[in-house]
Each structure stands twice: as C-alpha cells, then as structure tokens.
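Each chain is listed here by its residues.
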Amino acid sequence: MEHSGTVRALHADQPLGLHVDGREVASYVWRSDLPASTAPRPFLHPVRTLNGTVVTDARPHSHTHQLGISIAAPDIGGRNFWGGRTFVAGHGPAWLDDHGAQRHRRWLRHTETELAHTLHWVDRDGAALLSERRAIACVPLTPDAWTLSVQTRLANATDRPLPIRSPAALGRVGAGYGGFFWRGPAVSGQVRVQSPAGTGVRAVHGTTAPWLTVSGTSGGDSGSSAGASEVSAEWTILFAPADATTARDRWFVRARDYLGVGSSLTWDRPLVLEPGEQIERHILAVVADGNLTEDAAAALAEAARPPA
C-alpha cells in the first residue's frame, strides 16, 4: 500500500472525483462537517455506473449515519465508529455519547484514478485508537463495468489490547456488521441477490462466498433516494474479496428496510488487536450497468480478480 507519484491540486476540503476513461464515477468525501452522531468519516458518494446511474445513498432519512461506501465499525474499544445507536448487551440499541470519528492525516497519493491517505480513528476526546492507511482505485473492466478497489491497513494505536466487536458479538444474532460497508440506493421493484452460495439474502448473509451480486432498478441522475429521477435504469454491483485473508470474512447482506452489503471484520466473536498489531483487508466492488445473470456475474468476478 505504499504510493507515490504525481498528484493533482486539492481545493480546500472539496470532495475528490474519481474517473474511469474520462468519466467521473465516484466522489470521495474526505472531510465533512457531519454531526458527531454519524461517527464522521470519509466516504464515497455518489458512486455511478459508466452510464451515470447512482448506486449509493448517503444520510437517508431512516439511517442518517449510513454513508455511501465507507469503512466503519460499531464497537472499537467501547467506542462507536458506525454512527447511530449503540447496541448494549442485555438492553438493545441505545443513544449514547460514545461516537468516534475518522480524521484525515496526510495524502500519500491523489490522482484522477487513485487515492491513498493516512487516517486516525479517534474517540470523542481526540485520542487515537486506530491508525489507518487506505487506498482506493478505479479501474476499467468492460465496456459496461468498472472496478472499485478499497484497501485498508488498520493498526492498534494504543498501548493496550483493543477489541473490535459487532452487535452479534454482544448478543444481537445476525448483526455481524463492521468493516467495508455499501449503502445502496432506493430501488423500484425487487432486488436480486445471488452468489455461488445461493440466491437471496438468506442464502448469502453470514457466508464466506467468493463473490456476491446485488441487482436493482433505480433512477439514473440523482445523488440520493430523496430526489430519485423518474428515468429508471438497471444496475448490478458485484462484491468480492481481493485476497485470502479478506475471503475468510463473512458477508453481511440486507435488503429489507434498506439495501446494504458489508464485509465483516468480525462476526460473533471479538477481534482483539494487541498494541502495534495491524490487519489488512482488500475488497473489490464491480459496478455494472444492467441486471447481470449468474454466469455473467461469475465472469466479471473472474475478470476483476487480481493476478496471483
């Protein structure tokens, strides 16, 4: 994840556009003035297909802490880096004054196709719990699809063991989220979820499938569900781990109430980082126009896979 090379000029705290073949396909909000209750963090939104269909949502009314594509965790050392309510064992979700934030430190690289920077995950008092190196890249794949690569290296920045927990680890069955997370847009009609593990949310949620796809139909020129266009367009996003370590993480998949997919850092058991210990994860998201068949999705997954 070391990066160097020519960089482009930054304009204050404006989002950075990412391009594929000259078309802007994603905007990276690396600094913002979000309220503390959202666990402020960098995120990608809007993310678009090559034809311009928006396939993310950010700050929807039902879950104002969900931010396009981001890296987030509901419990790191007892601090909420997910946003919203905190799940309390034996009680359930509760509003607590325990939210952390991710703060940009310095750029390693920022071009029209690649971004890399360092961050600190800090508690409400500004003390760093995690240090991170993050790399994001956009790569053309086919005439109708491109690949988003999101790579993170997280290190314990404290002098004590640091537990990372999902709500499932605290007793909320199935709520194994935390890590890479995509909030999908509002859709019209049915959402189709498929993977080698089977079809539908129940078949995929909680599995370690080598890839999964979500296909839907939504507006083509809106940045959020609140102002969706009357023009509909079909799209598919394929998610896949890019290395063997990430492939061992389970998928969190939801299509009821909202549309979301995550690659879970830890499911129903805490992940404890010792002082100075670090972990790496690498996720690919193939963004495609059209509603892909299972065979077409499998071919895209193979084409997107990094060389061995």
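Heads up: the structure comes first, above all this text.
Note that this is a predicted model, so its numbers are computed, not measured. Every chain is numbered on its own, with residues counted from 1 as its sequence reads. Where totals are concerned, whole chains, interfaces and linings use all residues; where local detail is concerned, this predicted model gives features only for residues with pLDDT of at least 70, and gives and counts side-chain atom pairs only at 80 or more. Processing note: side-chain calculations cover all non-hydrogen atoms of the structure and skip hydrogens and water entirely.

Trainee: Account for the overall build of the chain, naming residues and giving values.
Mentor: For the chain, the helix and strand inventory stands at 3 helices and 21 strands. Our radius of gyration looks at C-alpha atoms and nothing else; its globule reference is 2.2 Å times the residue count to the power 0.38. Radius of gyration (C-alpha) of the chain: 18 Å, near the 19 Å computed for a compact globule of 308 residues. Residue exposure (1.4 Å probe, protein chains only): buried if accessible area is under 20% of the type maximum, exposed if over 50%, otherwise partly exposed. Per-residue burial for the chain yields a buried fraction of 55% across its 308 residues. We call two residues in contact when some of their heavy atoms are within 4.5 Å. Within the chain, counting contacts between residues at least 6 apart in sequence, those at least 24 apart form 62% of the total. Charge separation in the chain, taken as the distance between the mean sites of 29 positive and 30 negative side-chain charges, equals 5 Å. A run of H or I in DSSP counts as a helix once it spans at least four residues, and a run of E counts as a strand once it spans at least two, with each numbered from the N terminus. Counting rule applied: Lys, Arg positive; Asp, Glu negative; His and chain ends not counted. Where a charge sits is defined by one atom per residue type, namely NZ (Lys), CZ (Arg), CG (Asp) or CD (Glu).

Trainee: How would you explain the packing of aromatic side chains if you had to name every residue and give the values?
Mentor: Two rings from Phe, Tyr or Trp (for Trp, the six-membered ring) form a pair when their centres are within 6.5 Å of each other. A pair whose planes differ by under 30 degrees is stacked, one over 60 is edge-to-face, and the rest are tilted. Following the criterion strictly, the structure yields 9 aromatic pairs and no others. One aromatic cluster in this structure is built from Trp 82, Tyr 177, Phe 181 and Phe 252.

Trainee: Help me get a handle on the environment of Ser 232, residues and values and all.
Mentor: Following the sequence through the fold, Ser 232 ends up in strand β17 (residues 232–241). Setting aside residues no more than four positions away along its own chain, Ser 232 makes contact with Thr 217 and Ser 218.

Trainee: Which residues make up unusual backbone geometry, and what values do they have?
Mentor: In this model, His 45 is joined to Pro 46 through a cis peptide bond whose omega is -5°. The phi dihedral of Asp 21 is positive, around 50°, even though this residue is not glycine. Within the secondary structure layout, Asp 21 lies in the loop between β1 (16–20) and β2 (23–29). According to the relative accessible area criterion, Asp 21 is exposed, its value standing at 59%. In this structure, Asp 257 is a non-glycine residue whose phi angle is positive, near 75°. Looking at where Asp 257 falls in the secondary structure, it is placed in the loop between β18 (251–254) and β19 (260–264).

Trainee: Outline helix α3 (residues 294–304), listing residues and values.
Mentor: Along α3, the residues that are buried comprise Ala 297, Leu 300, Ala 301 and Ala 304. One side of α3 holds all its buried residues, which, seen down the axis, span an arc of 100°. The outward face of α3, more than 90 degrees from its buried face, is lined by the exposed residues Asp 295 and Glu 302. In this description, the arc belongs to the directions extending from the helix axis to the C-beta atoms.

Trainee: Before we move on, could you go through the nonpolar core and cite the residues and values that matter?
Mentor: By size, the foremost hydrophobic cluster in this structure holds 49 residues, and its most contacted members are Leu 44, Ile 76, Trp 146, Leu 148, Trp 182, Val 214 and Phe 239. The residues contacting Leu 44, other than those within four sequence positions of it, are Leu 18, Ala 26, Ser 27, Tyr 28, Thr 56, Gly 68, Ile 69, Ile 136 and Leu 148. The term nonpolar core refers to a set of buried residues drawn from Ala, Val, Leu, Ile, Met, Phe, Trp, Tyr and Cys, joined through side-chain atoms within 4.5 Å. Core analysis: the next-biggest nonpolar cluster, separate from the first, contains 13 residues, Val 286, Leu 292, Ala 297 and Ala 304 among them.

Trainee: Go over the environment of Trp 107 with me, naming the residues and quoting the values.
Mentor: The topology assignment puts Trp 107 in strand β8 (residues 101–110). Separated by 147 residues in sequence, Trp 107 and Arg 254 place their C-alpha atoms 33 Å apart.

Trainee: How would you summarise the pairing of β2 if you had to cite specific residues and measurements?
Mentor: Of all 7 residues in β2, 5 are buried, a share of seventy percent or more. In this analysis, strands are considered paired if DSSP registers two or more bridges between them. Across 5 bridges, the pairing between β1 and β2 is antiparallel. In the sheet register, Val 20 faces β2, and the bridge partner there is Arg 23. If you look at the hairpin formed by β1 and β2, you'll find 2 residues sitting between the two strands, and Asp 21 has a positive phi there, around 50°. Note that β2 and strand β3 (residues 43–47) share 3 bridges and pair antiparallel. By the bridge assignment for β3, Ala 26 is matched with Val 47.

All we've got here are geometric facts, nothing functional implied.
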